[in-house]
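Below, each chain spelled out in residue letters.
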Amino acid sequence: MQNQKTNQLSRNKILLGAIVLVVVAALLLGIYFIFRPQGTAGEKTITVDVVLLDKSSSQTIIVTDEEYLRGALEQVDMIEGEEGEYGLFVTTVNGVTADAGAEQWWCFTKGGQSLSTGVDNTPIADGDAFEITLTEGY
């Protein structure tokens, strides 16, 4: 009898823990959707500098109504990539494809600071300046 009560108590604790976990996950998801980076509507002009391994660079000025970086870059056919779990994984910029075998990848920065979001979720505002740098080594 005592063993049966212990098993029931154990099951109740597991069930309560699962419920608490679901509630916390839902709460965090709600907070994310409320406070996630938001793009601004309307026309804006952004500058994008592309830097290659040899340190040569090119600058593109984009006038767009897009709210997020991906839309602006795709508008001028600047990027290509592979759709992944977290959005577009950029593999090609201005026709230059990063060589994964040589541990190359495209680093996106704004004002020299690495972006904390992917191109799909990076909001843009008038006057923003981004850098896309071909980087080697993980």
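Residues numbered from 1 in each chain as written. Predicted model: local features only at pLDDT ≥ 70, side-chain atom pairs only at ≥ 80, totals over all residues. Heavy atoms only, no water.

**Q** What exactly am I supposed to notice about the overall build of the protein here?
**A** Of the regular secondary structure elements, the protein holds two helices and eight strands. Listing each helix as α and each strand as β along the protein from the N terminus yields α-β-β-α-β-β-β-β-β-β. The globule rule puts the C-alpha radius of gyration for 138 residues at 14 Å, and the 22 Å found for the protein is more than 25% above it. A burial count over the protein gives 25% of its 138 residues as buried. Contacts spanning at least 24 positions in sequence make up 52% of the contacts within the protein whose residues lie at least 6 apart. Of the roughly 9300 Å² that the protein leaves accessible, carbon and sulfur atoms contribute 57%. Computing the positive centroid from 8 side-chain charges and the negative centroid from 19, the protein places the two 23 Å apart. (Helix = DSSP H or I, 4+ residues; strand = E, 2+ residues; numbered from the N terminus. Rg over C-alpha atoms; globule rule 2.2 N^0.38 Å. Buried < 20%, exposed > 50% of the residue type's maximum accessible area, 1.4 Å probe, protein only. Contact = heavy atoms within 4.5 Å. Areas by Shrake-Rupley, 256 points an atom, 1.4 Å probe, with all protein chains shown as cover. Lys, Arg positive; Asp, Glu negative; His and termini not counted. Charge placed at Lys NZ, Arg CZ, Asp CG, Glu CD.)

**Q** What should I look at first to understand the sheet that holds strand β8 (residues 129–136) in this one?
**A** Either a parallel or an antiparallel arrangement is found when strands of a sheet pair, and the pairing is made through backbone hydrogen bonds. An order of β2-β1-β8-β6-β7 is seen for the five strands of this open sheet, with the pairing classed as mixed. Of all strands in the sheet, those bounded by a partner on one side alone are β2 (57–64) and β7 (113–114). Inspection of the sheet shows strand β6 (residues 104–110) paired to β7 by two bridges, in the antiparallel sense. Directly across from lysine 110, in β7, lies its bridge partner glutamine 113. (Pairing = 2+ DSSP bridges.)

**Q** I tried to follow the side chain of glutamine 104 on my own but got confused; where do I start?
**A** In this fold, glutamine 104 is placed in strand β6. The exposure class of glutamine 104 is buried, given its relative accessible area of 14%. In this structure the side chain of glutamine 104 is engaged in a polar contact, spanning 2.9 Å, whose partner is the backbone nitrogen of aspartate 99. Glutamine 104 has contacts with Leu53, Thr97, Ala98, Asp99, Leu134, Thr135, Glu136 and Tyr138, leaving out every residue within four places of it along the chain. (Polar contact = N/O pair within 3.5 Å; in protein donor to acceptor, adjacent residues only side chain to side chain.)

**Q** Is there a simple way to think about the environment of threonine 92 in this case?
**A** For threonine 92, the location among the structural elements is in strand β4 (residues 87–93). On the accessibility criterion, threonine 92 (7% relative accessible area) is buried. In sequence terms threonine 92 and glutamate 82 are 10 residues apart; their C-alpha atoms lie 9.7 Å from each other. Dropping the residues within four chain positions of it, threonine 92 is found in contact with Met78, Ile79, Glu80, Thr97 and Trp106. In this structure the side chain of threonine 92 is engaged in a polar contact, spanning 2.8 Å, whose partner is the side chain of threonine 97.

**Q** What should I look at first to understand the nonpolar core in this one?
**A** If you look at soluble globular proteins, the nonpolar side chains tend to sit buried side by side. Grouped together as the largest cluster of nonpolar side chains are 20 residues, with contacts concentrated most on Leu73, Trp106 and Ile132. Elements with a minimum of two residues in this core: β1 (44–51), α2 (69–75), β4, β6 and β8. Excluding its chain neighbours within four sequence positions, the residues that come into contact with tryptophan 106 are Val50, Val51, Leu52, Val90, Thr91, Thr92, Val93, Val96, Ala98, Ile132, Thr133 and Leu134. (Core = buried A, V, L, I, M, F, W, Y, C linked by side-chain atoms within 4.5 Å.)

**Q** Would you mind showing me how to read the pairing of β1 here?
**A** Residues in a regular strand point their side chains to alternate faces of the sheet. With eight bridges connecting them, β1 and β2 associate as antiparallel partners. Its bridge partner being in β2, lysine 44 is matched across the sheet by threonine 64. Hairpin connection from β1 to β2: five residues lie between these consecutive antiparallel strands, with lysine 55 at a positive phi of about 75°.

**Q** Just to check I follow, could you spell out unusual backbone geometry for this structure?
**A** In terms of backbone geometry, most residues other than glycine have negative phi values and most peptide bonds are trans. At lysine 55, a position not held by glycine, the phi torsion is positive, near 75°. Among the secondary structure elements, lysine 55 is positioned in the loop between β1 and β2.

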